[in-house]
Amino acid sequence: MNEDAPGMRPRQDNRGPTSPPPAPDPGFADDIIMSLRFFSRLPTGDRPYTAPNLDRMAMSLPFASLVIGFGPALLMMLCAWAGMPSYFAATLGVTAMLVATGAMADDALADAADGLFGGASIERRLEIMKDSRHGTYGVGALGLYLLLRVTGIGAVAAYNPLAAAGIWLAATVLGRSGSLWLSVALPNAREGGASAAAGRVGRRRFAIGAAFAALLALILAAPFTSLVAVVLALVAVGLVASAWVWGCRQLIGGQTGDLIGALGALIEVAVLAVLLVFA
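Model, not experiment: these values are computed from the prediction. (Residues numbered from 1 in each chain as written. Predicted model: local features only at pLDDT ≥ 70, side-chain atom pairs only at ≥ 80, totals over all residues. Heavy atoms only, no water.)

**A closer look at the overall build of the chain**
Argument step 1. Summing up its helical and strand segments, the chain has twelve helices and zero strands in all.
Argument step 2. The linear arrangement of helices and strands in the chain, starting from the amino end, is α-α-α-α-α-α-α-α-α-α-α-α.
Argument step 3. The 279 residues of the chain split such that 45% are buried.
Argument step 4. The long-range share in the chain, meaning contacts at least 24 apart out of those at least 6 apart in sequence, stands at 74%.
Argument step 5. Here the chain has roughly 14,100 Å² of accessible surface; of this, 65% comes from carbon and sulfur atoms. (Helix = DSSP H or I, 4+ residues; strand = E, 2+ residues; numbered from the N terminus. Buried < 20%, exposed > 50% of the residue type's maximum accessible area, 1.4 Å probe, protein only. Contact = heavy atoms within 4.5 Å. Areas by Shrake-Rupley, 256 points an atom, 1.4 Å probe, with all protein chains shown as cover.)

In structure tokens:
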């Protein structure tokens, strides 16, 4: 056969080298993975690394918080059901939470306490918060935070470990999501910190994330307390967040990653305090 016959020559491809297809837009599952990687030390598989973005994480954070807290809460429940003293079981649960989160909120609370109460100027307060060492205020705040969680969870676990787990999970979900309000309300206090690198949170995404967190808190805590208790806990979240924003504005003039993490710890304690009254 004549290869030069008309119609038998191979087609010429003049399109040049093909470009790779565009990467798909990140989905909600990707945002949950990002939240888990930023707020915990849990394994998240081999998905490609994405730079942290607080605005993207705001909507997925309530569900990521549920994943983070599930293991520690389950450990506490199993230990209590196995017959261990309730406060010992609660201590093991809080220890597991420290491991799961890398003590992120605990360290932030200690740094914030040292900086806010140990410095006489904005520059000095920011310098102290950046220091990895903890002073008297930081150690005191950290000790109280651990003690309040252990005693609060342990007291409920003594008669209903499932209720203790539900209340604790509700408090952690509201605490972590509520803490992002500081990023909405105040500008970055300094450049180059973790909060500045992760960007600011928009009001719309924060509102949606807060609604998810409130719904999860209702599902987790209301069966063991009441609807009124959850509503009052949400009021406590608003009051604590507003007071913290005011204090940070007066003492720092903005927000940092430590101040966001510290607000999460304070909200968690406030929610526990309210829910335990009705437990």
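**Remarks on the confidence of the model for the chain**
Argument step 1. Residues of the chain with pLDDT of at least 70 account for 89%, and the chain-wide mean is 90.
Argument step 2. Per-residue pLDDT stays below 50 along residues 1–13; that stretch engages in five contacts with residues further than four places along the chain or on separate chains. (pLDDT = per-residue confidence, 0-100.)

**Description of the packing of aromatic side chains**
Argument step 1. For the coordinates displayed, the defined rule picks out five aromatic pairs.
Argument step 2. On the numbers, 5.0 Å between centres and 75° between planes, the contact of Phe 38 with Phe 39 is edge-to-face.
Argument step 3. For the ring pair Trp 181 and Phe 206, a centre distance of 5.3 Å and an interplane angle of 45° mean the geometry is tilted. With a gap of 25 residues between them, Trp 181 in helix H8 (residues 181–185) and Phe 206 in helix H10 (residues 203–221) connect regions that are remote in the sequence.
Argument step 4. Taken together through their ring pairs, the aromatic side chains of Phe 28, Phe 63 and Phe 212 make up a single cluster.
Argument step 5. When the ring centre of Tyr 145 is taken as origin, the NZ or CZ atom of Arg 149, which lies over that ring, is 3.8 Å away. (Phe/Tyr/Trp six-rings, centres within 6.5 Å; stacked < 30°, edge-to-face > 60°. Lys NZ or Arg CZ within 6 Å of the ring centre and 35° of its normal.)

**A short note on helix H6 (residues 136–157)**
Argument step 1. Taking 1.5 Å per residue, 22 residues should reach 32 Å; H6 reaches 31 Å between its end C-alpha atoms and fits that length.
Argument step 2. Gly 138, Ala 141, Tyr 145, Arg 149, Val 150, Gly 152, Ile 153, Gly 154, Val 156 and Ala 157 are the residues of H6 that are buried.
Argument step 3. The inward-facing, buried residues of H6 contact helix H2 (54–81), helix H3 (86–101), helix H4 (104–118), helix H7 (161–178) and helix H12 (257–278). (Expected span 1.5 Å × (residues − 1).)

**Considering a nonpolar patch on the surface**
Argument step 1. Side chains of Leu 215, Leu 218, Ile 219, Leu 227, Val 231, Val 235 and Leu 239 sit close together on the surface and give an oily, nonpolar patch of about 640 Å² of accessible area.
Argument step 2. Elements supplying a minimum of two residues to the nonpolar patch: H10 and helix H11 (227–251).
Argument step 3. Among the elements that line the nonpolar patch, the one with the most residues is H11, at four residues.
Argument step 4. Within the fold, Ile 219 resides in helix H10. (Patch = residues over 30% accessible without salt bridge, like charges linked within 9 Å, V, L, I, M, F, W, Y side chains within 5 Å. Salt bridge = Lys/Arg side-chain N within 4 Å of Asp/Glu carboxyl O.)

**Quick look at the nonpolar core**
What tends to happen in soluble globular proteins is that the nonpolar side chains get buried as a cluster.
Argument step 1. Counting 77 residues, the largest nonpolar core has Leu 54, Leu 182, Trp 244 and Leu 259 as its most contacted members.
Argument step 2. With residues near it in sequence (within four places) discarded, Leu 182 still touches Trp 244, Val 245, Cys 248, Gln 255, Leu 259, Ile 260 and Leu 263. (Core = buried A, V, L, I, M, F, W, Y, C linked by side-chain atoms within 4.5 Å.)

**Here we look at H2**
Argument step 1. End to end, H2 covers 38 Å across 28 residues, agreeing with the expected 40 Å (1.5 Å per residue, within 8%).
Argument step 2. Residue Ser 60 marks the point of greatest curvature in H2, where the axis turns by about 60°; the proline Pro 62 follows within four residues.
Argument step 3. Taking the backbone nitrogen of Asp 55 as reference, a side-chain oxygen 3.0 Å away marks Asn 53 as the first, capping residue of H2.
Argument step 4. Count one or two residues on from H2 and you reach Gly 83, which has phi positive near 105°. (Bend = angle between axes of the 7 residues up to and from the residue. Polar contact = N/O pair within 3.5 Å; in protein donor to acceptor, adjacent residues only side chain to side chain.)

**Description of the environment of Ala 229**
Argument step 1. Tracing the chain through its elements places Ala 229 in helix H11.
Argument step 2. Taking the C-alpha atoms as reference points, Ala 229 and Ala 279, separated by 50 residues in sequence, lie 8.9 Å from one another.
Argument step 3. Contact partners of Ala 229, with chain neighbours within four places excluded, come to Val 274, Leu 275 and Phe 278.

**Observations concerning the packing of H11 against H12**
Argument step 1. For the pair H11 and H12, the least separation of the axes is 9 Å and the interaxial angle reads 150°. Between H11 and H12, the angle is such that the two are roughly antiparallel. As H11 packs across H12, the resulting crossing turns out to be right-handed. Here H11 contributes Ala 229, Val 230, Leu 232, Ala 233, Ala 236, Val 237, Val 240, Ala 241, Trp 244 and Cys 248 to the contact with H12, which in turn contributes Leu 259, Ala 262, Leu 263, Leu 266, Ile 267, Ala 270, Val 271, Val 274, Leu 275 and Phe 278. (Axes fitted to C-alpha atoms, helices over the stretch in contact; angles between N-to-C directions. Parallel < 35°, antiparallel > 145°, perpendicular 65-115°, else oblique. Left-handed = near helix turned anticlockwise from the far one by under 90°.)

**Quick notes on the packing of H10 against H11**
Argument step 1. One can describe the packing of H10 onto H11 by two numbers: an axis separation of 10 Å at closest approach and a directional angle of 145°. Between H10 and H11 the crossing geometry is right-handed. Facing Ala 214, Ala 217, Leu 218 and Ala 221 of H10, the residues of H11 in contact are Leu 227, Val 230 and Leu 234.
Argument step 2. Each residue belonging to the contact of H10 with H11 can be placed in one class, and the counts come to seven nonpolar, no polar and no charged. (Nonpolar A, V, L, I, M, F, W, Y, C, P; charged D, E, K, R; others polar.)

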